[in-house]
Amino acid sequence: MKGLVYDGSKAAIRDDVGVRAPGPTEVKVRVVSAGLCHSDLSVIDGTIPWPTPAVLGHEGAGIIEEVGEAVTHVAPGDHVVLHTLAYCGACKWCNTGRPAWCRKSIANASQPFTVGGEAAWNFAAASFFSEYTVVRGIQAVKIDDDIDLSVACLIGCGVLTGIGSVWNRTNLGQGDTCAVFGVGGVGLNVIQAAKVRGARRIFAIDTVAAKERTARDFGATDFILAGPDVDVVARIRAELPTEIANVVGSFGEGGVDYAFDCVGHPDILNSALEMLDWGGTAVAVGVPAPTATVPARVTNFTHVERTLTGSRAGSHRPHWDIPLIVDAYQRGEIKLDELVSARYPMEEWERAVDDLHDGKLARGVLAVTAP
């Protein structure tokens, strides 16, 4: 079968990829569609260290081909959204509704594949740039057959990460204000999640002017074109000054209640902290290099009680959050179709990468097999 394989020096479509049969708690899935995400590219450029050879892709949807004997929630023929959170389901974190904290859900690379007859690694417990994959049954969430799989594939990573960062990692609610750095696939989902929760001002911030229209379509009330000569923090404070007159101090009175860094850059995360009002929360959503640190002022925390929090893929609960998102989509509250900027045959993945780097895509979707 075909798959996109990274061998440690380059990535290429190979037709000599094999995958083993599912174990008792696993499922074999025919992948129909897969979203192209920056994390896949971070493996190729070395930002995310990963053993090789590895079959890439971690945002997908498909049809169940075969199930292990212990799997009962899905059956062959079911349409499913696939996700990367291979949690155990038995630890205290899984049993208290926080599967993203499950210790077995991270750094759990395995070798269900072969490439050219040699053992090959999966990526992010997923590997959806492959005609077939084997994952834990808990990673497959059934959806209605009439939902387009080329749209549904985005839910398992970019949509969950963005929406979950708002719904699961903050208390953002009616009348609050927020800023979102990075208007890509994840940032757009942060924006629409904030809109659904009732935010009154949503500032979208990006270096690409053409993204303003899409940001506003998803719910942004304001757009700031960032650049080397633009003081984004000052712009936010000018829009949301303190309500108290004659305030004296250096702790940044006024600002947004929440700020989300969907880019994954330490300086941006620090700017997110600096533009907060007192008691505000900055959320680290984008993923920088593993050694990156944040140059933050400690007085942001000790004097005005700002918070810096992390969000691992939106801290999602897949079997709760995915049906919730699908339901909101079917009722017209959440946009999914509009996230798909372009569709490509899997063989044209490099063109999709170029378009992503050029800022042309919210999300590009690869057609892996026929629906």
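Before any of the text, the structure's been laid out above.
Thresholds, definitions, all that
Residues numbered from 1 in each chain as written. Predicted model: local features only at pLDDT ≥ 70, side-chain atom pairs only at ≥ 80, totals over all residues. Heavy atoms only, no water. Core = buried A, V, L, I, M, F, W, Y, C linked by side-chain atoms within 4.5 Å. Buried < 20%, exposed > 50% of the residue type's maximum accessible area, 1.4 Å probe, protein only. Helix = DSSP H or I, 4+ residues; strand = E, 2+ residues; numbered from the N terminus. Contact = heavy atoms within 4.5 Å. Pairing = 2+ DSSP bridges. Polar contact = N/O pair within 3.5 Å; in protein donor to acceptor, adjacent residues only side chain to side chain. 1 Å grid on protein atoms, 1.4 Å probe; cavity = no way out; pocket = protein on both sides within 12 Å on 5 of 7 lines; lining within 4 Å. Points joined across faces, edges and corners; volume = space filled by probe spheres on them. Nonpolar A, V, L, I, M, F, W, Y, C, P; charged D, E, K, R; others polar.

Residues Ile-155, Val-159, Leu-172, Ile-191, Phe-260 and Leu-336 are the most contacted members of the largest nonpolar core, which totals 51 residues. Residue assignment for this core shows that the elements contributing at least two residues are strand E6 (60-67), helix H3 (149-152), helix H4 (155-167), strand E12 (177-181), helix H5 (185-196), strand E13 (201-206), strand E15 (256-261) and helix H10 (318-330). Excluding its chain neighbours within four sequence positions, the residues that come into contact with Ile-191 are Val-180, Val-183, Ile-202, Ala-204, Ala-215, Phe-218, Gly-219 and Ala-220. Core analysis: the second largest hydrophobic core is formed by 31 residues, Leu-4, Val-43, Val-71 and Leu-82 among them.

Read from one edge of the open sheet, 3 strands run E2-E1-E5, paired in antiparallel fashion. Single-partner strands in this sheet number two, and they are strand E2 (11-14) and strand E5 (54-55). Bridge analysis of strand E1 (residues 3-6) against E5 gives 2 bridges, and the strand direction is antiparallel. Each residue of the ladder has a partner; that of Val-5, found in E5, is Val-55.

Quick look at the environment of Ser-150 now. Looking at the secondary structure, you find Ser-150 in helix H3. Taking the C-alpha atoms as reference points, Ser-150 and Val-368, separated by 218 residues in sequence, lie 9.8 Å from one another. Leave out the neighbours within four places in its chain, and Ser-150 touches Ser-33, Val-340, Arg-343 and Val-365. A distance of 2.8 Å separates the side chain of Ser-150 from the side chain of Asp-148, its partner in a polar contact. Within the local environment of Ser-150, its side chain forms a polar contact with the side chain of Arg-343, the two groups lying 3.0 Å apart.

Turning to empty space enclosed by the protein, a few remarks are in order. Scanning all chains against the criterion turns up 1 cavity of 30 Å³ or more. Empty space within the largest cavity amounts to approximately 30 Å³. Forming the walls of the largest cavity are Leu-160, Ile-163, Gly-164, Trp-167, Asn-168, His-316, Asp-321 and Ile-325. Among the elements that take part in the lining of the largest cavity, H4 stands out by supplying 4 residues, more than any other. Residue composition of the lining of the largest cavity, by class: 4 nonpolar, 3 polar and 1 charged.

What is shown is where atoms sit, not what they do.
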